[in-house]
Amino acid sequence: QVQLVESGGGLVQAGGSLRLSCVASGRFVQISAMTWYRQAPGKQRELVARITRGGDINYADSVKGRFTISRDNAKNVVDLQMNSLKPEDTAVYSCNVDATIQYGVSKNYWGQGTQVTVSS
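In short, a report on the structure. (Residues numbered from 1 in each chain as written. Predicted model: local features only at pLDDT ≥ 70, side-chain atom pairs only at ≥ 80, totals over all residues. Heavy atoms only, no water.)

Brief notes about the environment of Leu20
We count it as follows: Helix and strand assignments follow DSSP, with helices taken as H or I runs no shorter than four residues and strands as E runs no shorter than two, numbered in order from the N terminus. We call two residues contacting when some pair of their heavy atoms lies within 4.5 Å.
For Leu20, the location among the structural elements is in strand S3 (residues 18-26). The spatial distance from the C-alpha of Leu20 to the C-alpha of Ser7 is 5.7 Å, given a sequence separation of 13 residues. Apart from residues lying up to four places away in sequence, Leu20 is in contact with Ser7, Gly8, Gly9, Trp36, Val78, Asp79, Leu80, Met82, Tyr93, Thr114 and Val116.

So this is what it looks like as structure tokens:
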């Protein structure tokens, strides 16, 4: 019902910037929350940033002041602008959405993930 495609990952030096994008497509009534997660090898997946349809935002403490999440409800796109990147930001970043696929029926979907590598 919903497909997610992430883009924008890559290799960057410490202090640099990257912008990640996630586009949702398919059959659904609307997208509610859109969230970026990340997972490094051997570590738990963690929430990086979340934005609701109404624009309420939550960030992990480790990225506050450096990352900015935004969305375009008309285009079903969520972006993550990442500035002042640190080596500890290295991880696979994945997009996650809560979608209403029928009235009264909501489901959760994951994208494939995109690799972000920050060198020292």
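Still more ground to cover, so stick around.
Points about the packing of aromatic side chains
We count it as follows: When two rings of Phe, Tyr or Trp (its six-membered ring) have centres within 6.5 Å they constitute a pair, described as stacked for plane angles under 30 degrees, edge-to-face for angles over 60, and tilted for the intermediate range. Summary of the burial criterion: residues with accessible area below 20% of their type's maximum are buried, those above 50% are exposed, and those between are partly exposed, where the area comes from a 1.4 Å probe applied to protein chains only.
Enumeration according to the criterion identifies one aromatic pair in this entry. Relative to Trp110, the ring of Tyr37 lies with its centre 5.1 Å away and its plane at 50°, an arrangement referred to as tilted. Of this pair, Tyr37 sits in strand S4 (residues 30-39) while Trp110 sits in strand S10 (residues 105-110), and the two are 73 residues apart along the sequence. Judged by its relative accessible area of 16%, Tyr37 is buried.

Regarding the state of the cysteines
Heads up, the rule is: Note on disulfides: each one is a pair of cysteine sulfur atoms within 2.5 Å.
Counted by the stated rule, this structure contains one disulfide. Disulfide pairing is shown between Cys22 and Cys95; the S-S distance is 2.1 Å. Taking the sign of the torsion about the S-S bond as the criterion, the disulfide between Cys22 and Cys95, at about -85°, is left-handed. Of this pair, Cys22 sits in strand S3 while Cys95 sits in strand S9 (residues 91-102), and the two are 73 residues apart along the sequence. Here Cys22 and Cys95 have matching classes, each one buried.

Topic: the side chain of Asp79
We apply this condition: For the charge count, each Lys or Arg is scored as positive and each Asp or Glu as negative, with His and the chain ends excluded. The working definition used for a salt bridge is a side-chain nitrogen of Lys or Arg within 4 Å of a carboxyl oxygen of Asp or Glu. Two N or O atoms form a polar contact when they lie within 3.5 Å of each other; inside protein one atom must be a possible hydrogen donor and the other a possible acceptor, and for residues adjacent in sequence the pair counts only when both atoms belong to side chains.
Topologically, Asp79 is positioned in strand S8 (residues 77-82). The charged side chain of Asp79 is buried without a salt bridge, its nearest counter-charge being Arg19 at 4.3 Å. Among the polar contacts made by the side chain of Asp79, one reaches the side chain of Ser21 at a distance of 2.7 Å. In this structure, Asp79 is in contact with Arg19, Leu20, Ser21, Cys22, Trp36, Thr68, Ile69 and Ser70, ignoring residues within four places of it in sequence.

By themselves, these are just geometric observations and shouldn't be taken as functional.
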